[in-house]
Amino acid sequence: KNQMLSHISKRPNHTPFDENQSSAQQHFSMEAKKEARDELTSILKGLNEADRSLIIDKFFLGKNYQEMSEKRSLTEANTRQRVARVLKKIRAGMG
């Protein structure tokens, strides 16, 4: 259930060093990434289990639509449509 949240929380919170950026720019970049990650985590927590499962399978576990469809006994077209609808919800929540 919380695979997505575990995956996000285990990812390191750093930005690769870019010698062309000042330390203030690098700090801002890290802060912006942390805020975006926190916002996404919050939005994902608000999704129902079926929607969250689609996003985890597609974007965090790298499953293709065929695998996702078979797991859910759906057509690939239906699975694609469901993923598109969930992404629309996520984008609306981040706006």
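The preceding data block contains the structure.
Residues numbered from 1 in each chain as written. Predicted model: local features only at pLDDT ≥ 70, side-chain atom pairs only at ≥ 80, totals over all residues. Heavy atoms only, no water.

## Observations regarding the packing of helix 4 (residues 65-72) against helix 5 (residues 76-94)
Put simply, the test is: Every angle, taken between N-to-C directions, lies between 0 and 180 degrees, and every axis is a line fitted to C-alpha atoms, over only the stretch in contact when it is a helix. Each helix is a run of DSSP H or I of at least 4 residues and each strand a run of E of at least 2, with the numbering of both proceeding from the N terminus. In these notes the angle categories are as follows: under 35 degrees is roughly parallel, over 145 is roughly antiparallel, 65 to 115 is roughly perpendicular, and the rest is oblique. Contact definition: two residues touch when any of their heavy atoms are within 4.5 Å. Classification used: nonpolar for Ala, Val, Leu, Ile, Met, Phe, Trp, Tyr, Cys and Pro, charged for Asp, Glu, Lys and Arg, polar for all others including Gly.
Axis separation between helix 4 and helix 5 bottoms out at 9 Å; the angle between their running directions is 100 degrees. The angle between the axes of helix 4 and helix 5 places the two elements in the roughly perpendicular class. Residue-level inspection shows Tyr 65, Gln 66, Met 68 and Ser 69 of helix 4 in contact with helix 5, the latter providing Glu 76, Thr 79, Arg 80 and Val 83. Residue classes in the contact of helix 4 with helix 5 are distributed as three nonpolar, three polar and two charged.

## Brief notes about the packing of helix 3 (residues 49-60) against helix 4
What counts is decided by this rule: For any helix crossing, the convention is left-handed if the near helix is rotated counterclockwise from the far helix by under a right angle, and right-handed if that rotation is clockwise.
Running from amino to carboxyl end, helix 3 crosses helix 4 at an angle of 145 degrees, the nearest separation of the two axes being 10 Å. Here helix 3 and helix 4 pass one another in a crossing that is right-handed. Here Ser 53, Leu 54, Asp 57 and Lys 58 of helix 3 lie close against helix 4, whose contacting residues are Tyr 65, Met 68, Lys 71 and Arg 72. A class-by-class count of the residues in the contact of helix 3 with helix 4 yields three nonpolar, one polar and four charged.

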